[in-house]
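Report on the structure
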Amino acid sequence: MELYLDTSDVAAVKTLARIFPLAGVTTNPSIVAAGKTPVGTLLPRLREALGDQGRLFAQVMAPTAEGMVSDARRLRAMVEDLVVKVPVTAEGLAAIKLLKAEGIPTLGTAVYGAAQGLLSALAGAEYVAPYVNRVDAQGGDGIQTVTELHRLLKMHAPHAKVLAASFKTPRQALACLLAGCESITLPPDVAQQLISAPAVDAAVAKFEHDWQSAFGRSAI
């Protein structure tokens, strides 16, 4: 299982990389734009925040397949082993095929249906990113979409992994993992919620109080 952070917040990545077993960081154009740091500056900073380890993901912006390929080459010049995110549109599918031929790894993104995701994998994408919460917001079932996509990839494109995205709660993320999803990307606030609980804090405080009362110190 691979755990990614979905962010352009370099400070948050540095903080959470010390705690979580992160596989890397994913970004998208909206996330990068919100941070207002040019992608050519941002990506090396994110890599440094990860301790120069882990995979980075960044997305093309051009509307045509040929333009997407050019964007992908520029992104790979910034970070050599970067995975290029490509929207799964008609032009995006054409771009994924071209990038596959060049040996550039891709992620099919903006996936709202299992069939759409399968097509990106068949075109050559190594990862497929269904938008769990956004599917829910449109009246669909994000977890069911992930479940169906995972089964389809196992049967027809075993080289590819589901990298589920668009989460608002840890429960959504856990449901994806229980459905067999091999990778998830979480915004920092949702990632922090995985280990934040009042009951845990209270239990630790009780342990510390009892130990201090008995031995007069907090260390072993």
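My aim in this report is to walk through the structure given alongside it, one point at a time. All figures in this text were calculated on a predicted structure; none of them were measured in a lab.

As a further point, take the environment of Gln192. Note on placement: Gln192 falls in helix α10 (residues 188-193). Since its relative accessible area comes to 39%, Gln192 is described here as partly exposed. The spacing of Gln192 and Asp6 is 186 residues in sequence and 12 Å in space, taken between C-alpha atoms. When near neighbours in sequence (up to four residues on either side) are disregarded, Gln192 contacts Leu16 and Phe20.

Right, let's talk about a nonpolar patch on the surface for a bit. Judged by side-chain polarity, Ile19, Leu174, Leu194 and Ile195 come together as a nonpolar surface patch covering roughly 340 Å² of accessible area. Counting through the fold element by element, Leu174 comes out in helix α9 (residues 170-178).

Our focus in this paragraph is the environment of Val86. By the secondary structure assignment, Val86 is in strand β4 (residues 83-87). For Val86 and Glu126, which are 40 residues apart along the polypeptide, the C-alpha to C-alpha distance reads 11 Å. Not counting the four nearest positions on each side in its chain, Val86 is found in contact with Val60, Met68, Gly92, Ala95, Ile96, Leu99, Thr106, Leu107, Gly108 and Thr109.

Considering the arrangement of structural elements, one finds Gln59 in strand β3 (residues 55-59). By relative accessible area, which is 18% here, Gln59 ends up buried. The contacts of Gln59, once residues within four sequence positions are left out, are Asn28, Pro29, Leu75, Lys85, Pro87 and Thr109.

This paragraph deals with the nonpolar core. Membership of the largest hydrophobic core comes to 54 residues, with the highest contact counts inside it found for Leu153, Ala164 and Ile184. Among the elements that take part in this core, helix α4 (residues 65-78) stands out by supplying five residues, more than any other. Beyond its immediate stretch of four places on either side in the chain, Ile184 contacts Met1, Glu2, Leu3, Tyr4, Leu163, Ala164, Phe167, Ala173, Cys176 and Leu177.

Moving on to the packing of aromatic side chains. Enumeration over the complete set of coordinates arrives at four aromatic pairs. With centroids separated by 5.5 Å and ring planes inclined at 75 degrees, the aromatic side chains of Tyr112 and Tyr131 adopt a geometry described as edge-to-face. Separated by 19 residues along the polypeptide, Tyr112 in the loop between β5 (106-111) and α6 (114-123) and Tyr131 in the loop between β6 (127-130) and α7 (132-137) bring together distant segments of the chain. Their ring planes at 55 degrees and their centres at 4.5 Å tell us that Trp211 and Phe215 sit as a pair that is tilted. Pair noted here: Trp211 and Phe215 are both in helix α11 (residues 198-215), with a separation of four residues, about one helical turn. The class of Trp211 is partly exposed, set by a relative accessible area of 31%.

The next thing to look at is the pairing of β5. When you tally the buried positions in β5, you get five out of six residues, the bulk of the element. Looking at chain direction, β4 and β5 are connected through four bridges and run parallel. Counted as the bridge partner of Val84 is Thr106 from β5. Following the backbone out of β4, through helix α5 (residues 90-102) and into the adjacent parallel β5, one traces a crossover that is right-handed. Pairing of β5 with β6, which is carried by three bridges, proceeds in the parallel orientation. What sits directly across from Gly108, in β6, is Val128. Handedness of the crossover joining β5 and β6 through α6: right-handed.

Scoring rules and cut-offs
Residues numbered from 1 in each chain as written. Predicted model: local features only at pLDDT ≥ 70, side-chain atom pairs only at ≥ 80, totals over all residues. Heavy atoms only, no water. Helix = DSSP H or I, 4+ residues; strand = E, 2+ residues; numbered from the N terminus. Buried < 20%, exposed > 50% of the residue type's maximum accessible area, 1.4 Å probe, protein only. Contact = heavy atoms within 4.5 Å. Patch = residues over 30% accessible without salt bridge, like charges linked within 9 Å, V, L, I, M, F, W, Y side chains within 5 Å. Areas by Shrake-Rupley, 256 points an atom, 1.4 Å probe, with all protein chains shown as cover. Salt bridge = Lys/Arg side-chain N within 4 Å of Asp/Glu carboxyl O. Core = buried A, V, L, I, M, F, W, Y, C linked by side-chain atoms within 4.5 Å. Phe/Tyr/Trp six-rings, centres within 6.5 Å; stacked < 30°, edge-to-face > 60°. Pairing = 2+ DSSP bridges. Right-handed = clockwise from strand over helix to strand, strands pointing away.

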